[in-house]
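So you can see what is in the structure, the chains are spelled out below.
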Amino acid sequence: MGSKYTKRCTEEFKRDAIALVDSSGKTVTAVARELGISSESLRGWYRKAKADRGEGTPGELTSAEREELKRLRKESREQQQTIEILKKRPPSS
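Residues numbered from 1 in each chain as written. Predicted model: local features only at pLDDT ≥ 70, side-chain atom pairs only at ≥ 80, totals over all residues. Heavy atoms only, no water.

Engineer: Before we go on, may I ask you to explain the overall build of the protein chain in this structure?
Structural biologist: Helix and strand counts for the protein chain come out as four helices and zero strands. The order of helices and strands in the protein chain, counted from the N terminus, is α-α-α-α. Radius of gyration (C-alpha) of the protein chain: 21 Å, far over the 12 Å computed for a compact globule of 93 residues. Put simply, the protein chain has 93 residues, and 17% of those count as buried. The contacts of the protein chain with a sequence gap of at least 6 include a subset with a gap of at least 24, amounting to 37%. If you sum the accessible surface of the protein chain, you get close to 7800 Å²; carbon and sulfur atoms cover 52% of it. Taken together, the 21 basic and 15 acidic charged side chains of the protein chain have centroids lying 6 Å from each other. (Helix = DSSP H or I, 4+ residues; strand = E, 2+ residues; numbered from the N terminus. Rg over C-alpha atoms; globule rule 2.2 N^0.38 Å. Buried < 20%, exposed > 50% of the residue type's maximum accessible area, 1.4 Å probe, protein only. Contact = heavy atoms within 4.5 Å. Areas by Shrake-Rupley, 256 points an atom, 1.4 Å probe, with all protein chains shown as cover. Lys, Arg positive; Asp, Glu negative; His and termini not counted. Charge placed at Lys NZ, Arg CZ, Asp CG, Glu CD.)

Take a look at the structure:
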């Protein structure tokens with residue numbers, strides 16, 4: 001069972017950890033153990049970094065694509081709310 005406290009890692013730490021996996025020839029699990037972080041976290045960071053470099057699995061979104069999708073979904077929600085408000089508005093004379 002994991003800790004009830006979540007360790008927040010800086011982007012620099014994440015980049016360094018990913019570079020260590022790439023350069024050391026060690027497994028993600030071994031590097032994570034050495035750094036004192038969960039292997040699941042490092043594996044997720046590593047997978048995202050590979051996708052951003054174009055080395056991910058087919059169909060996997062890059063960070064930029066995920067951010068754009070998030071922005072578009074938010075925009076769509078806001079537009080739907082505006083439409084609903086306008087539908088409830090009484091017609092003007």
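Engineer: Explain the nonpolar core to me, please; I cannot follow it from the model alone.
Structural biologist: The nonpolar side chains of a soluble globular protein tend to be buried with one another. Cys 9, Ala 17, Ile 18, Val 21, Val 28, Val 31, Ala 32, Ile 37, Leu 42, Trp 45, Tyr 46 and Ala 49 together form the largest nonpolar core, which totals twelve residues. Residue contributions to this core peak at four residues, all from helix α3 (residues 39–52). (Core = buried A, V, L, I, M, F, W, Y, C linked by side-chain atoms within 4.5 Å.)

Engineer: Help me out: how do you make sense of the confidence of the model for the protein chain in this one?
Structural biologist: Close inspection of predicted coordinates is inappropriate for parts of the model with low pLDDT. Here the protein chain averages 88 in pLDDT, and 91% of its residues register 70 or above. Confidence, expressed as mean pLDDT per element, reaches its minimum in the protein chain at α3 with 92 and its maximum at helix α2 (residues 28–35) with 95. (pLDDT = per-residue confidence, 0-100.)

Engineer: When you look at α2 in this model, what are you seeing that I'm missing?
Structural biologist: Owing to its 3.6 residues per turn, the α-helix aligns residues three or four sequence positions apart on the same side. Buried residues of α2: Val 28, Ala 30, Val 31 and Ala 32, and no others. Among the residues trailing α2, Gly 36 stands out with phi positive, at a value near 75°.

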